[in-house]
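# Overview (structure and organization)
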Amino acid sequence: MRVINFNAGPAGLPLPPLERAQKEFLEFGKSGMSIMEHSHRGKDYDAVHNEAISLLRELLDVPETHDVLFMQGGAHLQFSLIPLNFLMPGKSADYLTTGHWSKVALSEAKALSAMVGTAREAVTTEHDGVFTRIPKQDELELDSNAAYAHYTTNNTIFGTQWHTIPEVGNVPLIADMSSDFIWKKFDVSKYALAYAGAQKNIGPSGVVVAIARKDFVESGRTDLSKTLKYSTVAKNNSLFNTPPTFSIYMVRNILAWVKEIGGLDAIHARNLKKGELLYGAIDAMSDFYKSPVEKDSRSYMNVVFRLPSQALEEKFVAEAKAANMVGLKGHRAVGGIRASVYNAVSVENIQSLVDFMEKFKKANG
Ligand SMILES: *Cc1c(COP(=O)(O)O)cnc(C)c1O
């Protein structure tokens, strides 16, 4: 029996793409082998690879100015590749700090300071070791000469999410969208580079999806090894070396499912409904469940809340598990409860969680 999966990442995947993979697992089409046994230079894999790219282009209306890239090394390697490629010595880049992962992005850029320019914090909303809000535009101390501005659209651990795109003028905007990529449509043209580790919202681990503006990629540093340059990935349609073929195949299955259920407008509507239900329940029972996050900064992907005591939180997690709902323990840096409710989590799944929360409060409140 499959559980209701609230894991933060790797996270639950929608059932139809998994069933499709199961059906095609031993023999892909009439090829006599699994897709992962195919050459990445053959026509069978090539069709899957290009279908994944064209589905994403279609779902997001990716303009001709931008390329869709598949990369490896997780979001973590992006934290290094971005300064290596785009932060020339003598220049400075702005980092907007709103949570754990944006802090890591900044510290990884700083670690390269002998090779690249200066990574500078343009804002932080950290207080007492935690983050509970997204900054306002007028709090950003932006440098109009910055090589780029980097931010994290959704803060997976702290449960906050940007609901506007920061205004950075003519400075190239870069976003880590790992935990809310394709939770809805977004204006790709605003970004020089948007990237996401697949394992939160679009697939299994092993692949990063990046959408990069061609002229920005071309502006990158050239005195790097080929493997470290975005331009190499772009020039070779993400086939410079062996890509994670099975992960990309799963991304293809998931994007095909997104299209089938009505595309990103339908996904967005589902996600809004889920957020309304879950935050609605938290607010309606605020004498028992408390959201530490400021209302206008609430995440629709990672919903964080507290109970009156740690003992009750442990009981909540254990009883939820017995009721077939897993992955609700908050990150160790924050404690409490975290329900990661990515695209694979349905409205019905959220209703089950809300029903459980009501019962739990009645029994323990
Ligand atoms: C999970 C996560 C990361 C880390 O991803 P890896 O693929 O493990 O490197 C980075 N940024 C955000 C926003 C995340 O949610």
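Refer to the structure printed above.
Residues numbered from 1 in each chain as written. Predicted model: local features only at pLDDT ≥ 70, side-chain atom pairs only at ≥ 80, totals over all residues. Heavy atoms only, no water.

### Comments concerning the environment of Phe158
With respect to the helices, strands and loops of the structure, Phe158 is situated in the loop between strand S8 (154–155) and strand S9 (160–161). Accessibility expressed as a relative area gives 6% for Phe158, which makes it buried. As for Phe158 and Arg298, which are separated by 140 residues in sequence, their C-alpha atoms are 9.4 Å apart. Setting aside chain neighbours within four positions, we find Phe158 in contact with Gly99, His100, Gly129, Val130, Phe131, Val293, Val304 and Val334. (Helix = DSSP H or I, 4+ residues; strand = E, 2+ residues; numbered from the N terminus. Buried < 20%, exposed > 50% of the residue type's maximum accessible area, 1.4 Å probe, protein only. Contact = heavy atoms within 4.5 Å.)

### A short note on empty space enclosed by the protein
Counted according to the given criterion, the structure contains one cavity of 30 Å³ or more. Computed from the structure, the largest cavity encloses a volume of approximately 60 Å³. Every residue along the wall of the largest cavity is listed here: Gly12, Leu13, Pro14, Ile182, Lys200, Asn201, Gly203, Ile254, Trp257, Val258, Asn343 and Ala344. (1 Å grid on protein atoms, 1.4 Å probe; cavity = no way out; pocket = protein on both sides within 12 Å on 5 of 7 lines; lining within 4 Å. Points joined across faces, edges and corners; volume = space filled by probe spheres on them.)

### Looking at helix H2 (residues 43–60)
Look at H2: 26 Å from first C-alpha to last across 18 residues, which is about the 26 Å you get at 1.5 Å a residue. Buried-residue contacts for H2 involve strand S2 (66–71), strand S12 (208–213), helix H7 (245–260) and helix H8 (263–284). Just downstream of H2 lies Asp61, where phi reads positive at about 50°. (Expected span 1.5 Å × (residues − 1).)

### Side note on the environment of Ala105
With respect to the element layout, Ala105 can be found in helix H4 (residues 100–111). Residue Ala105 is classed as buried on the basis of its relative accessible area, which comes to 1%. Taking the C-alpha atoms as reference points, Ala105 and Ala75, separated by 30 residues in sequence, lie 9.1 Å from one another. Beyond its immediate chain neighbours, meaning those up to four positions away, Ala105 contacts Phe79, Tyr95 and His150.

### Brief notes about the sheet that holds S2
Spatially, the seven strands line up as an open sheet ordered S2-S12-S11-S10-S7-S3-S4, and their pairing is mixed. Strands with a single pairing partner mark the edges of an open sheet, and in this sheet they are S2 and strand S4 (118–124). In this sheet, adjacent strand axes meet at a mean angle of 20° when their direction is disregarded. Note that strand S7 (residues 149–152) and strand S10 (residues 173–176) share four bridges and pair parallel. Within S10, the residue paired with Thr152 across the bridge is Asp176. Each of S2 and S12 is contacted by H2, which is oriented at about 135° to S2, the strand it contacts most. (Pairing = 2+ DSSP bridges. Axes fitted to C-alpha atoms, helices over the stretch in contact; angles between N-to-C directions.)

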